[in-house]
Amino acid sequence: DIHEVLQTMLEGAEGRLEHLPPADELAFSGLCSDIGAPMIELECLMANCLKDQIPGIENLSFRRGFWWLIGESFGQKGQGQLWCLPMNLMARAGLRREELNKNRHRQVSQELLRRVLEITNKYSNKTDISDIKQNVTQIYVMDALIQKRLRAMSGKAPCDYPLILNKSSVTDVLTAWS
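What counts as what
- Residues numbered from 1 in each chain as written.
- Predicted model: local features only at pLDDT ≥ 70, side-chain atom pairs only at ≥ 80, totals over all residues.
- Heavy atoms only, no water.
- Helix = DSSP H or I, 4+ residues; strand = E, 2+ residues; numbered from the N terminus.
- Buried < 20%, exposed > 50% of the residue type's maximum accessible area, 1.4 Å probe, protein only.
- Contact = heavy atoms within 4.5 Å.
- Areas by Shrake-Rupley, 256 points an atom, 1.4 Å probe, with all protein chains shown as cover.
- Salt bridge = Lys/Arg side-chain N within 4 Å of Asp/Glu carboxyl O.
- Core = buried A, V, L, I, M, F, W, Y, C linked by side-chain atoms within 4.5 Å.
- Expected span 1.5 Å × (residues − 1).
- Arc of directions from axis to C-beta.
- Polar contact = N/O pair within 3.5 Å; in protein donor to acceptor, adjacent residues only side chain to side chain.
- Phe/Tyr/Trp six-rings, centres within 6.5 Å; stacked < 30°, edge-to-face > 60°.
- Disulfide = S-S within 2.5 Å.
- pLDDT = per-residue confidence, 0-100.

1. Quick look at the overall build of the protein chain
Next, step 1: Scanning the protein chain from N- to C-terminus turns up eight helices and zero strands.
Next, step 2: Moving toward the C terminus, one meets the helices and strands of the protein chain in the order α-α-α-α-α-α-α-α.
Next, step 3: Relative to its 178 residues, the protein chain shows a buried fraction of 42%.
Next, step 4: Long-range pairs, those at least 24 residues apart, make up 70% of the contacts in the protein chain between residues at least 6 apart in sequence.
Next, step 5: Carbon and sulfur atoms make up 55% of the accessible area of the protein chain, which totals about 10100 Å².

Following this line, the structure appears as structure tokens:
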């Protein structure tokens, strides 16, 4: 039911307002999936299909949630502090969140974000969409665009993320669709 999915999304957004950062990579993965799952479910409802009909839905949910968190942190109103980074990785890097976007910490920040992006690679998949019902193709096109942006972030400092987040082109969409 669409009302239940929207309620889940609202509760998740409210929970993130006071949410503590995840302790480790496992908790981080769970957070991303918890955020992304209702998004994919909403898209399925809008496409009039069951989420069970979506191959790789767990990976899609994780990436969609991670992408949302990146946008939340580096989008127009974000401050680039990525509250969602696992505390154990922050501690190992010896960084505080407010230092992530500072030039003097650029190399350490890049390494930390490279590790986080490695976590997202565990959830990467190449799904053949040629056999998927046309009404859910947009889910995979969006996912292909997200994967492309995540690859572009790899090796970049967090201060470069807003440019990657805001970049879009018709070529990217056509490439993802093919």
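After presenting the structure, the write-up continues.
2. Considerations on the pattern of salt bridges
Next, step 1: Across all of its chains, the model carries three salt bridges by this definition.
Next, step 2: With a closest N to O distance of 2.2 Å, Arg-64 and Glu-43 form a salt bridge. Of this pair, Arg-64 sits in helix H3 (residues 57-74) while Glu-43 sits in helix H2 (residues 25-46), and the two are 21 residues apart along the sequence. Taken individually, Arg-64 and Glu-43 each receive the classification buried, so the pair is uniform in this respect.

3. Observations regarding the nonpolar core
As a rule of thumb, nonpolar side chains are buried together in soluble globular proteins.
Next, step 1: Within the largest apolar cluster, 30 residues are counted, with the highest numbers of intra-cluster contacts made by Phe-28, Phe-66, Ile-70, Leu-82, Leu-85, Leu-112 and Met-153.
Next, step 2: Those elements that provide at least two residues to this core are H2, H3, helix H4 (87-93), helix H5 (106-121), helix H6 (137-153) and helix H7 (161-166).
Next, step 3: The residues contacting Leu-82, other than those within four sequence positions of it, are Leu-69, Ile-70, Ser-73, Phe-74, Arg-97, Leu-100 and Leu-113.
Next, step 4: Counting nine residues, the second-largest nonpolar core is a separate cluster that includes Cys-49, Ile-54, Ile-57 and Leu-60.

4. A few points about H5
For an α-helix, 3.6 residues make a turn, and residues three or four places apart therefore share a direction.
Next, step 1: Helix length check: H5 (16 residues) gives 22 Å between terminal C-alpha atoms against 22 Å at 1.5 Å per residue, within 8%.
Next, step 2: Within H5, the full set of buried residues consists of Ser-109, Leu-112, Leu-113, Val-116, Leu-117, Ile-119 and Thr-120. Buried residues of H5 fall within an arc of 140 degrees about the axis and therefore sit on the same side.

5. Some details on the environment of Asp-143
Next, step 1: Looking at where Asp-143 falls in the secondary structure, it is placed in helix H6.
Next, step 2: Relative accessible area serves as the criterion here: at 2%, Asp-143 is assigned to the buried category.
Next, step 3: Distance from Asp-143 to Arg-64, taken between C-alpha atoms, is 7.3 Å for residues 79 residues apart in sequence.
Next, step 4: Within the local environment of Asp-143, its side chain forms a polar contact with the side chain of Gln-147, the two groups lying 2.8 Å apart.

6. A short note on the environment of Met-87
Next, step 1: Looking at the element boundaries, Met-87 is found in helix H4.
Next, step 2: Taking C-alpha positions, Met-87 is 9.4 Å from Phe-28, a pair spaced 59 residues apart along the chain.

7. Describing the packing of aromatic side chains
Next, step 1: One pass over the full model with this rule turns up three aromatic pairs.
Next, step 2: Residues Phe-28 and Phe-66 carry aromatic rings whose centres are separated by 5.7 Å and whose planes lie at 80 degrees to one another, so their mutual orientation is edge-to-face. Of this pair, Phe-28 sits in helix H2 while Phe-66 sits in helix H3, and the two are 38 residues apart along the sequence.
Next, step 3: Judged by centre distance (6.3 Å) and plane angle (5 degrees), the rings of Phe-62 and Phe-66 are stacked. Highlighted residues: Phe-62 and Phe-66, both in helix H3, separated by four residues, approximately one helical turn.
Next, step 4: Judged by relative accessible area, which is 0%, Phe-62 ranks as buried.
Next, step 5: Pairwise contacts between aromatic rings join Phe-28, Phe-62 and Phe-66 into one cluster.

8. Structural notes on the state of the cysteines
Next, step 1: By the definition in use, this model includes zero disulfides.
Next, step 2: Looking at Cys-84, it has no disulfide partner, and the nearest cysteine sulfur is the one in Cys-32, 6.2 Å off.

9. Points about the confidence of the model for the protein chain
Next, step 1: Confidence along the protein chain averages 76 in pLDDT terms, with 78% of residues attaining 70 or more.
Next, step 2: Taking the mean pLDDT of every element in the protein chain, the minimum, 57, falls on helix H8 (residues 170-177) and the maximum, 88, on H2.

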